[in-house]
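Structural description and commentary
Now for the letters of each chain:
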Amino acid sequence: MRTEAGPPVTVVVGAGLVGASIGHALTGAGWRVHLVDAVPSHAMVAAGLGAGTAEPAEPSEVGLVVVAVPPRTIADVVGESLQTYPYATVTDVGSVKAGVLDALWERPVDLTRYVGSHPMAGSHHSGPVTADGDLFVDRTWVVTPHRKSAEASTARVVELVRACRARLVTLDVDDHDAAVARVSHLPHLVSVLMAGHLTDVPEEDLVLAGQGLRDVTRIAGGDPGLWQQIVRANATAVLRELRQVAVSLDRLITAVETAPTDEAPADLSLSRELERGVDGTRRIPGKHGSAAVPYEQVVVAIPDEPGALARLFGDVEAAGVNVEDIAIEHDASRQVGYLTLSVQPERAEGLAVVMRDGGWTVV
Ligand SMILES: NC(=O)c1ccc[n+]([C@@H]2O[C@H](COP(=O)([O-])OP(=O)(O)OC[C@H]3O[C@@H](n4cnc5c(N)ncnc54)[C@H](O)[C@@H]3O)[C@@H](O)[C@H]2O)c1
Ligand SMILES: O=C(O)C(=O)C[C@]1(C(=O)O)C=C[C@@H](O)C=C1
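Residues numbered from 1 in each chain as written. Chains lettered and ligands numbered in written order. Predicted model: local features only at pLDDT ≥ 70, side-chain atom pairs only at ≥ 80, totals over all residues.

Looking now at the domain arrangement of the protein chain. Domain boundaries assigned for the protein chain yield domain 1 (9–170), domain 2 (177–283) and domain 3 (296–362). Taking the mean C-alpha position of each, domain 1 and domain 2 sit 32 Å from one another. Taken together, the contact between domain 1 and domain 2 spans 10 residues of the former and 12 residues of the latter. Its residues placed into classes, the side of domain 1 that touches domain 2 shows four nonpolar, four polar and two charged. (Domains from an automatic or database assignment. Contact = placed C-beta atoms within 7 Å. Nonpolar A, V, L, I, M, F, W, Y, C, P; charged D, E, K, R; others polar.)

Written as structure tokens, this is what we have:
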């Protein structure tokens, strides 16, 4: 039986993007991590990159098992892990929580040691090669204890969240699933709709694509096999959101139809729809989980020549302004790019003046 103090010996089952990222984060924090995968080369690649060891753990020493496999196999792997590792707390990182718990409830396993969880961080890539130990830093990680979870098991999963430097949120499984339908699964499907629309767009039009299109379609590049399982598992909540979007789309169509005549009633006007969009973006929490801050953007043209970016950042630093976010866009038809610097509103004008004085073109 596991008795030693300090971080628990941890087994990560599923050494893909999320599992290997957890392996890197925990190894970096000094934890002992064993990686297991149905495809042994995934565990070996993750281990080779520093996410832990691919050597098997001694089951009686294991204090925590993190199940990071595709959604449809989670309940089976959690059930097996509860049996294989008799003293371990078992958590999973699946994107949908209620179905897993329902399936486990029917099995003869010790559910006091199971506490679900879900890091709200990932990417459109998969597999161990794209893993990143900093993936969870300052990102939300939801922990979903149920009525049989032992307090010690929940505490152990909280320890995992803290070691990955994520922000803890505790929720009931159904509340979690309703929330992620709104903030993760619906956005994914809307991005898919937009990207899918591009399959009919002529290539000569696509040459004009700027950062805007890339921004709204990035997540659509995620693994369709994984997303099919996620949407299936949360279909009821996702359908509720999709139906509301269908109503909003009809309202937008009316707003655009009537925009040229300016005859739309105020509550159906295009400006009202566009304002709603701005309001929505402002509601997304900002960096470090704080309330969203409406930054102001200073856009500077950068000539496409060696050292230009370094010089520009040097001038920004000399201006003593803290840059909250940056984005770079290239103009494919001219040898120039645009750097958007997001800063606190009260610093924007001063920064623009300093940059102009330094010879930069502020757009
Ligand atoms: N991708 C994201 O952005 C993201 C974010 C948060 C949570 N999640 C959840 O994390 C889980 C893993 O997603 P991912 O993106 O890391 O996928 P991934 O495809 O990168 O990795 C999954 C790994 O699990 C392995 N695997 C499959 N079945 C297994 C089994 N029965 N036993 C052991 N290993 C098995 C695969 O070989 C693969 O290496 C999913 O449940 C997903 O819902 C994903
Ligand atoms: O950043 C991305 O690429 C993601 O889609 C990550 C994202 C999300 O919606 O935020 C996707 C699904 C996971 O369940 C958790 C995180």
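This part covers the site of ligand 1. The immediate surroundings of ligand 1 are formed by 28 residues, with G14, G16, V18, G122 and S126 found nearest. When residues of the shell around ligand 1 are traced back to their parent elements, those giving at least two are helix 1 (17–28), helix 3 (74–84) and helix 9 (224–233). In terms of residue count, helix 1 provides more of the shell around ligand 1 than any other element does, three residues in total. Broken down by class, the residue content of the shell around ligand 1 amounts to 16 nonpolar, 11 polar and one charged. (Near = placed C-beta within 6 Å. Helix = DSSP H or I, 4+ residues; strand = E, 2+ residues; numbered from the N terminus.)

Moving on to the pairing of strand 4 (residues 89–92). Here strand 4 shows a buried face lined by T89 and T91 and a second buried face lined by V90 and D92. Bridging between strand 3 (residues 62–67) and strand 4 involves four bridges; their strand directions are parallel. The partner of L64 across the bridge, within strand 4, is T89. Handedness of the crossover joining strand 3 and strand 4 through helix 3 is recorded here as right-handed. (Buried ≥ 20, exposed ≤ 12 C-beta atoms within 10 Å, placed from the backbone. Pairing = 2+ DSSP bridges. Right-handed = clockwise from strand over helix to strand, strands pointing away.)

On to helix 9. Those residues of helix 9 that sit buried are I230, V231 and A233. Projected down its long axis, helix 9 carries its buried residues within an arc of 165°, all on one side. Exposed residues on helix 9 whose side chains face more than 90 degrees from its buried face are P224 and G225. Buried positions along helix 9 lie against helix 4 (98–105), helix 6 (173–197) and helix 10 (235–258). (Arc of directions from axis to C-beta.)

Moving on, we come to the sheet that holds strand 5 (residues 116–119). Spatially, the three strands line up as an open sheet ordered 5-6-7, and their pairing is mixed. Both edges of this open sheet fall to strand 5 and strand 7 (167–170), since each of them pairs with a single strand only. Strand-to-strand twist of the sheet, defined as the mean angle between neighbouring strand axes without regard to direction, takes the value 25°. The sheet contact formed by strand 5 and strand 6 (residues 140–144) spans four bridges and is antiparallel. Pairing of H118 across the sheet is with V142, part of strand 6. (Axes fitted to C-alpha atoms, helices over the stretch in contact; angles between N-to-C directions.)

Residues in close proximity to ligand 2 include S95, M120, A121, G122, S123, H124, S184 and I219, which together make up its full environment. Partitioned by chemical class, the residues of the shell around ligand 2 number three nonpolar, five polar and no charged.

The phi dihedral of D138 is positive, around 65°, even though this residue is not glycine. Relative to the helices and strands, D138 is located in the loop between strand 5 and strand 6. Positive phi is not limited to glycine here, since R165 has a value of about 60°. Mapped onto the elements, R165 comes out in the loop between helix 5 (151–163) and strand 7.

Okay, the packing of helix 6 against helix 10 next. Where helix 6 meets helix 10, the axes come as close as 9 Å, and the angle between the chain directions of the two elements is 55°. When the interaxial angle is binned, helix 6 and helix 10 end up oblique. As helix 6 runs across helix 10, the sense of the crossing is right-handed. Of the residues in helix 10, those touching helix 6 at D177, A178, A181, R182, H185, L186, L189 and V190 are A237, V238, R240, E241, L242 and V245. Per-class residue counts for the contact of helix 6 with helix 10 are nine nonpolar, one polar and four charged. (Parallel < 35°, antiparallel > 145°, perpendicular 65-115°, else oblique. Left-handed = near helix turned anticlockwise from the far one by under 90°.)

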